[in-house]
Amino acid sequence: VDYYTEADAETWAYVGGIVANHLGGEVDNCTSYVNISVGENTRGKFRLGGVVGRMGASLADAKLTNCKNYGTLNLEFSSNVNQSSQIGGVVGAIGDVSASDVFVFENCENHGTITAKDFYKTCRIGGVLGYSYWSKVEGQEPCTFKGLKNTGNMTLSTANASANSLYFGGVVANLEYHNLEDCF
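What comes next concerns the included structure. Just so it is clear, the model here is predicted, and its values are computed rather than measured.

Each value, and the rule that gives it
Residues numbered from 1 in each chain as written. Predicted model: local features only at pLDDT ≥ 70, side-chain atom pairs only at ≥ 80, totals over all residues. Heavy atoms only, no water. Helix = DSSP H or I, 4+ residues; strand = E, 2+ residues; numbered from the N terminus. Pairing = 2+ DSSP bridges. Axes fitted to C-alpha atoms, helices over the stretch in contact; angles between N-to-C directions. Buried < 20%, exposed > 50% of the residue type's maximum accessible area, 1.4 Å probe, protein only. Contact = heavy atoms within 4.5 Å. Phe/Tyr/Trp six-rings, centres within 6.5 Å; stacked < 30°, edge-to-face > 60°. Lys NZ or Arg CZ within 6 Å of the ring centre and 35° of its normal. Core = buried A, V, L, I, M, F, W, Y, C linked by side-chain atoms within 4.5 Å.

### Some thoughts on unusual backbone geometry
Negative phi is the rule for most residues except glycine; trans is the rule for most peptide bonds.
Here is step 1 of the chain: Although it is not a glycine, Asn29 adopts a positive phi angle of roughly 55°.
Here is step 2 of the chain: You can see Asn29 is positioned in the loop between β4 (25-28) and β5 (31-32).

### Description of the sheet that holds strand β12 (residues 85-88)
Here is step 1 of the chain: The strand order across the open sheet formed by 5 strands is β2-β7-β12-β17-β22, and the pairing between neighbours is parallel. The sheet is open, and its two edges are formed by β2 (12-16) and β22 (166-169), each paired on a single side. Neighbour to neighbour, the strand axes of the sheet diverge by 5° on average, direction disregarded.
Here is step 2 of the chain: Examined bridge by bridge, strand β17 (residues 123-126) and β22 share 4 bridges and lie parallel to one another. Residue Gly126 lies in a different strand from β22, and its bridge partner there is Gly169.

### As for the side chain of His22
Here is step 1 of the chain: Within the element layout of this structure, His22 appears in strand β3 (residues 19-22).
Here is step 2 of the chain: Look at His22 and you get buried, because its relative accessible area is 5%.
Here is step 3 of the chain: Apart from residues no more than four positions distant in its own chain, His22 is found in contact with Val27, Val52, Arg54, Met55, Gly56, Ala62 and Lys63.

### Overview of the sheet that holds strand β18 (residues 129-133)
Here is step 1 of the chain: A sheet is described by the order of its strands in space; here 5 strands give the open sequence β3-β8-β13-β18-β23, paired in parallel fashion. For this open sheet the edge positions go to β3 and β23 (172-175), each flanked by a neighbour on one side alone. Adjacent strand axes in the sheet meet at a mean angle of 10°, parallel and antiparallel pairs treated alike.
Here is step 2 of the chain: Sheet topology note: the strand β13 (residues 91-95)/β18 ladder contains 4 bridges and is parallel. Within the sheet, the bridge partner assigned to Ala93 lies in β18 and is Tyr131.

### Topic: the environment of Met55
Here is step 1 of the chain: Inspection of the secondary structure assignment puts Met55 in strand β8 (residues 52-56).
Here is step 2 of the chain: For Met55, a relative accessible area of 0% puts it in the buried group.
Here is step 3 of the chain: Taking the C-alpha atoms as reference, Met55 lies 6.1 Å from Asn21; in sequence the two are 34 residues apart.
Here is step 4 of the chain: Excluding residues that lie within four positions of it along the chain, Met55 makes contacts with His22, Ala62, Lys63, Leu64, Val91, Ala93, Ile94, Gly95, Phe103 and Val104.

### A few points about the packing of aromatic side chains
Here is step 1 of the chain: Under the counting rule described, the total for this entry stands at 2 aromatic pairs.
Here is step 2 of the chain: When the ring of Phe105 is compared with that of Phe145, the centres are 5.6 Å apart and the planes differ by 70°; the resulting orientation is edge-to-face. With Phe105 in strand β14 (residues 103-106) and Phe145 in strand β19 (residues 144-146), this pair connects stretches of sequence that are 40 residues apart.
Here is step 3 of the chain: Residue classification places Phe105 among the buried positions, given a relative accessible area of 0%.
Here is step 4 of the chain: Its end group placed over the ring of Tyr131, Arg124 keeps NZ or CZ at 3.8 Å from the ring centre.

### Considerations on the nonpolar core
Here is step 1 of the chain: One finds Leu64, Val91, Ile94, Phe103, Phe105 and Phe145 to be the most contacted residues of the largest nonpolar core, which totals 21 residues.
Here is step 2 of the chain: The set of elements that each furnish at least two residues to this core consists of β8, β9 (62-65), β13 and β14.
Here is step 3 of the chain: The residues contacting Phe105, other than those within four sequence positions of it, are Leu64, Val90, Val91, Ile94, Val128, Leu129, Thr144, Phe145, Lys146 and Leu148.
Here is step 4 of the chain: Ranked by size, the runner-up nonpolar core spans 14 residues in total, among them Ala13, Ile36, Ala116 and Ile125.

### Some words on the environment of Thr31
Here is step 1 of the chain: By the secondary structure assignment, Thr31 is in strand β5.
Here is step 2 of the chain: Look at Thr31 and you get partly exposed, because its relative accessible area is 35%.
Here is step 3 of the chain: For the pair Thr31 and Val51, spaced 20 residues apart in sequence, the C-alpha separation works out to 7.4 Å.
Here is step 4 of the chain: Discounting chain neighbours no more than four positions away, the residues touching Thr31 are Ile18, Lys68 and Tyr70.

Here you go:
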């Protein structure tokens, strides 16, 4: 999949090897061999995952279990394009959960290579999960993400010393409010 867009800088785009935007229900035992490339002049903000681009429980309880990615994620940004990105070997971003929702992310693996070159705004790149974004909801207990594994190579190169923020993690790049258990 070659991804290229000239979307408005404030528009979110979702790209996934199997599902672009998962807002409830169950994704179980799925394997992606899809290679995804983000073009040099891509505009806008995006959430990209080897299996799921964005995952939330805004419509129903959400589960992502026993999924694997073997595809390669190649990201090359342009020096004249500002964009935010949330990239994960399995899931790009997880969010939008209310206190009554059940949310499960367990036993998922990335074996694919992630390569990112030159970023110019906030960039979160994780071997399994790029970003977990949540504001604590009253009565909500933190979710525990279990059994996440990354064996894929990750490479980042940038010539931009003035980028806003970089989060680069072997398993998770940026985790808010939730817990990790048995991850490597």
